[in-house]
Each structure stands twice: as structure tokens, then as C-alpha cells.
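Given next are the chains, with one letter for each unit.
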Amino acid sequence: MQYQHKTTQFLPSRRRLLLGSAFVTLAAAAGHRSHAAQADQPLRQLIAGPGTTQLVPKPYPQTAIWGYNGSVPGPELRLRQGECLRVAVENRLDEETTVHWHGIRLPNAMDGVPHLTQKPIAANGGKFLYEFDVPDAGTYWYHPHQRSLEQVGRGLYGALIVEEREPPVVDRDITWVLDDWRLDRDASIRGGFGNYMDLSHAGRIGNTVTVNGRIAENFTVRAGERIRLRLINAANARIFGLEFGGHQPRIIALDGQPVAPHEPEDGRLVLGPAMRADLILDMTGQPGQRYPITDTFYRQLNYRLLDLDYAAEPLRAKPPETEVRLPANAIPEPDIAAAERHEVLFSGGMMGNMRGMSRGMAWAINGVSQSEHVHDPLLRLRRGSSHVLKLVNDTAWHHPIHLHGHSFRVLTRNGKPTRHREWLDTVLVAPRETTEIAFVADNPGDWMFHCHILEHQAAGMMSSIRVA
Ligand code: C2O
Ligand code: CU
């Protein structure tokens, strides 16, 4: 099958550089807790720094990137639910950085927000030790929270997978980290991060989509196989709308949190920046055949992400029929009847009301444009209390709105109850849409609350919520 407007301009390749194995001396041990169970947890190491990788296949040259341990994505960090993640981070960039553990309900001091929860990790050799327990199983990711639009945009991100205590039985557990790059013809990353055009419109949409840091052409599968596919959208701004070439994926988790298994609405899985989905993808196609996975989110820009390429030999006659259901994580249930209600208005952008916008600011939350991490919180919530936030998108653009340190239930969309009352940490709010979310403010600290289109975040669509 041919698609006219291929966003992906280049062909497949492979990558992955040797990791520097320098031993890191730990400078800061903020939030250190010692209990016996940690004794056998390995200390992992992430080095943020420049590198090169064959993002685009030869004959294109390698691409200079910023990555963790020299690769894009950085290493997949995997551990079991309830275990303690210990990561020594070293910063070999020319600028300050931090690491944020997106979606994890962790202590505030480990959240990786510069100036707010920690001092930034100094350029050219600064170090920081992150150490925290992971309460929830699921698919998460990590990325800097300092000048994210360029640091994430140049390749600093990786998957963080927390396995269930008893993982469901599948043939393969696969992670696809999706990214979108704006490359020049020589495969180098185009500059101009944070230009006002990107800031005030849809963000930095690129021209090249990668899966796990390379342009993917095929993904080899076998008929009858059952795959757990973990999708992570690490793009600055691109929203994906994936169709699976006649396959019927079942969504079993969103943003790490289990959900009643269901098929994507209208056969298309929509994933805004920072969002994740766990799918059960059963290989119901024919041996020897190819089935394209396509991205149809932007009407003029449909393209083929890759082909599911069936090997000649089936694995079994047909995939298992049992439904995979994940056990719920122990997130406190908001008391909707007793909840305090708050309205949060998102405004600005081109084709919207931009009065009063200046200094490169294009967006606002409740009328305030914020681009510094330390500021007056939008809301001050009493620890342990339940809250319903009515998010009103008064703009002509999509916004994936992310709250740190908590997961929230999505109650309604445009006044209609959601089918699954899903738990999310990042909710995609469509133009002019209103959605209600609910959560228990149980995690003390100052938590960022912002749009995850990184250009929108940088241009004012950022705020924070204080829980005390
Ligand atoms: Cu994934 Cu505040 O970020
Ligand atoms: Cu936005």
C-alpha cells in the first residue's frame, strides 16, 4: 500500500553506541532513604551528553544528537512494581539539566523540576542521584525538565517500564518510543528551537518519525503471536493517530494505569505528546503478508509508520483468546461528591485571544503566562482532599495537559461521562473541548501542571499545584 504524503522521508537504519562506562561518584544524595530491601537494587547510570547516531540510514551521514548514554532513546529502565529505582545521573551537556520521571507517583524531591524540586544538575560534569520507590506498574518515561523543548527535542528521553508483580502472559513485551524530528537534507537536526511560529501554533512538528530512534520499515511478527506493545510518544508536539492495518488491538493500560480492555475508538489510537498506551496486539494476519501501521492524525499528512511483516512460519494456528486484564494500581479514589471543584481555562495561540501576550509568551492558564518553574501556584490543595478540575480549552489547538506526582481520573468530555473513567497523567484536550478530571491530592509538594507540547509549555502554558 502506498501513501502519498510520507512524512517519513528516509529509510531504515540501526544505531546504538557504546556506553561510556566511567564510574560515577555520587555527589548529591537528596531524599536518601535506606531500607533493607534496597540493598540488592543495582545503581544505574545515565549520562546526558552529545552523541551521534544513524537516525537516517546510509548513505545519509549520522546525526548529532543529545542522548542518555549516547543513544536515542536512552536505555530502557526496567524494574518490578514496589522496587526502588536508583539512578546516578551525570550531565555532560554544556548546559544545566534535570531528569523528570514522567507519570511516576514519587516524592517531590525526586521529580526533577529545576529550581522547584532540586538545583539543576550543573553543566559539564554535574551529578545527581535519583532514588525512589515505584508504586505503580506500567509504562512510563524519563526526560529532562530543563529547556525541555530543545533537550527532549534533540533526543534526551527513554522508557521506564515497571513490571507487574505477575506480568500477564504474552509472547513478546515490546516498547516503541515514537519521536518526530525536524531534519535537514543532510539528516542533521534543524535549529530554530523555540521560534515564535512553533511556540504560538502547533509546536515543533517535524518531518521524520522514528521508532526507537530509527526510521523503521518493518517489524517482523509471526501469525498467531500475542504481543504486548507499549507505545510512548516522546515527540515535542506531534500527536499520533495510529491504525493497525486490519488488526484489532486491545488497549489494556493508558499512561501506565490499567483500563478495562477495549479497542481504540474508530479503530485509531490517538496518542498526544507524553502519553502512553499498552496494547495487546494479536497477530491475526496471514503468514508471508505485510500490513501497514499508518498514522492518520493530521489530515494532509498521512504516512506509513512501518509494516507488520509476517514471517512465513506461523507461531500457532491463532492467537490466544483469553482477555488480558491488568490488576489495578493502588491509587486513592477521589470522593466526587465531596470534591472541591476548580475551573482551569487554557487560552492563547494563533486564532485565539492573544491580548496581553508579550515576551515570547503565547499561552496562558487562567490568564497567567508562566515559563519559570518557580512561581505562585495555580491552586493550593489540602493534602488528602479530593478535587475535580474542569479543564476548558478555549483555543483552536490540542493540548496534552500533564500533572506531576499524581494520576487523575477522566470523568467527562464536553459534559458526557467517559466510558472508562481512565486514569491518566496527561490528558489530550481537543480544541474548544472541556474535560473534567478528578484526583486525591495525596502527594505533598509543588507539582508542575502544564501542556506537554513543549513549545506551548515554554511559551506560557505552564503552572503548578501545591499540595500541603
Ligand atoms: Cu513529561 Cu512536566 O513533564
Ligand atoms: Cu498546548
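Residues numbered from 1 in each chain as written. Chains lettered and ligands numbered in written order. Predicted model: local features only at pLDDT ≥ 70, side-chain atom pairs only at ≥ 80, totals over all residues. Heavy atoms only, no water.

Participant: I'd like to hear about the overall build of the chain, residue by residue, with values.
Facilitator: Counting secondary structure elements, the chain contains 3 helices and 31 strands. The buried share of the chain, reckoned over its 468 residues, is 62%. Within the chain, residue pairs in contact and separated by at least 24 positions form 78% of the contacts whose partners lie at least 6 positions apart. Roughly 18500 Å² of accessible area belongs to the chain as shown, and the carbon and sulfur atoms make up 50% of that amount. (Helix = DSSP H or I, 4+ residues; strand = E, 2+ residues; numbered from the N terminus. Buried < 20%, exposed > 50% of the residue type's maximum accessible area, 1.4 Å probe, protein only. Contact = heavy atoms within 4.5 Å. Areas by Shrake-Rupley, 256 points an atom, 1.4 Å probe, with all protein chains shown as cover.)

Participant: Any details on the coordination of the copper ion (ligand 2)? Residues and values, ideally.
Facilitator: Coordination of the copper ion (ligand 2) by the protein comes from His399 (ND1), Cys451 (SG) and His456 (ND1), over a distance range of 2.0 to 2.1 Å. In the primary sequence, the donor residues of the copper ion (ligand 2) line up as H-x51-C-x4-H. Of the two residues, histidine 399 sits in strand β24 (residues 399-403) while cysteine 451 sits in strand β30 (residues 445-451), which places them 52 residues apart along the sequence. By relative accessible area, histidine 399 is classed as buried at 1%. (Donors = N, O, S within 2.8 Å, 3.2 Å for Na, K, Ca; no water.)

Participant: Explain the sheet that holds strand β2 (residues 63-68) residue by residue, including any values.
Facilitator: Read from one edge to the other, the open sheet built from 4 strands follows the order β2-β1-β4-β6, with strand pairing classed as mixed. Here the strands that pair on one side only, and so sit at the sheet edges, are β2 and β6 (126-133). In this sheet, neighbouring strand axes are inclined to one another by 20 degrees on average, regardless of whether the strands run parallel or antiparallel. As judged from the 6 bridges shared by strand β1 (residues 44-53) and β2, these two strands associate in the antiparallel manner. Along β2, the bridge assignment pairs threonine 53 with threonine 63. (Pairing = 2+ DSSP bridges. Axes fitted to C-alpha atoms, helices over the stretch in contact; angles between N-to-C directions.)

Participant: Summarise the sheet that holds strand β18 (residues 290-295); cite the residues concerned and give the values.
Facilitator: Here we have 5 strands laid out as an open sheet, ordered β11-β19-β18-β13-β16, and mixed in their pairing. Both outer strands of the open sheet, β11 (218-221) and β16 (269-271), are each paired with one neighbouring strand and no more. Here the average twist between neighbouring strands, direction ignored, is 25 degrees. Here β18 runs beside strand β19 (residues 303-310); their pairing, made up of 6 bridges, is antiparallel.

Participant: So what's going on with the layout of surface pockets? Residues and values would help.
Facilitator: Taken as a whole, the largest pocket spans an internal volume of roughly 1000 Å³. Lining the largest pocket we find 28 residues, and of these Glu265, Arg268, Val270, Arg413 and Glu422 sit closest to its centre. The set of elements that each furnish at least two residues to the lining of the largest pocket consists of β14 (250-254), β15 (257-262), β16 and β26 (416-417). Counted by class, the lining of the largest pocket contains 12 nonpolar, 5 polar and 11 charged residues. (1 Å grid on protein atoms, 1.4 Å probe; cavity = no way out; pocket = protein on both sides within 12 Å on 5 of 7 lines; lining within 4 Å. Points joined across faces, edges and corners; volume = space filled by probe spheres on them. Nonpolar A, V, L, I, M, F, W, Y, C, P; charged D, E, K, R; others polar.)

Participant: Quick rundown of the pattern of salt bridges? Include the residues and the values.
Facilitator: Enumeration according to the criterion identifies 34 salt bridges in this entry. Across the pair arginine 432 and aspartate 394 runs a salt bridge, and its minimum N-O distance is 3.0 Å. Here aspartate 394 lies in the loop between β23 (386-393) and β24 and arginine 432 lies in the loop between β28 (426-429) and β29 (434-440), a separation of 38 residues in the sequence. Take arginine 432: its relative accessible area is 46%, and that puts it in the partly exposed class. Through salt bridges with shared partners, a single network forms among Glu76, Arg78, Arg80, Glu163, Glu164, Asp173, Arg228, Arg230 and Asp278. (Salt bridge = Lys/Arg side-chain N within 4 Å of Asp/Glu carboxyl O.)

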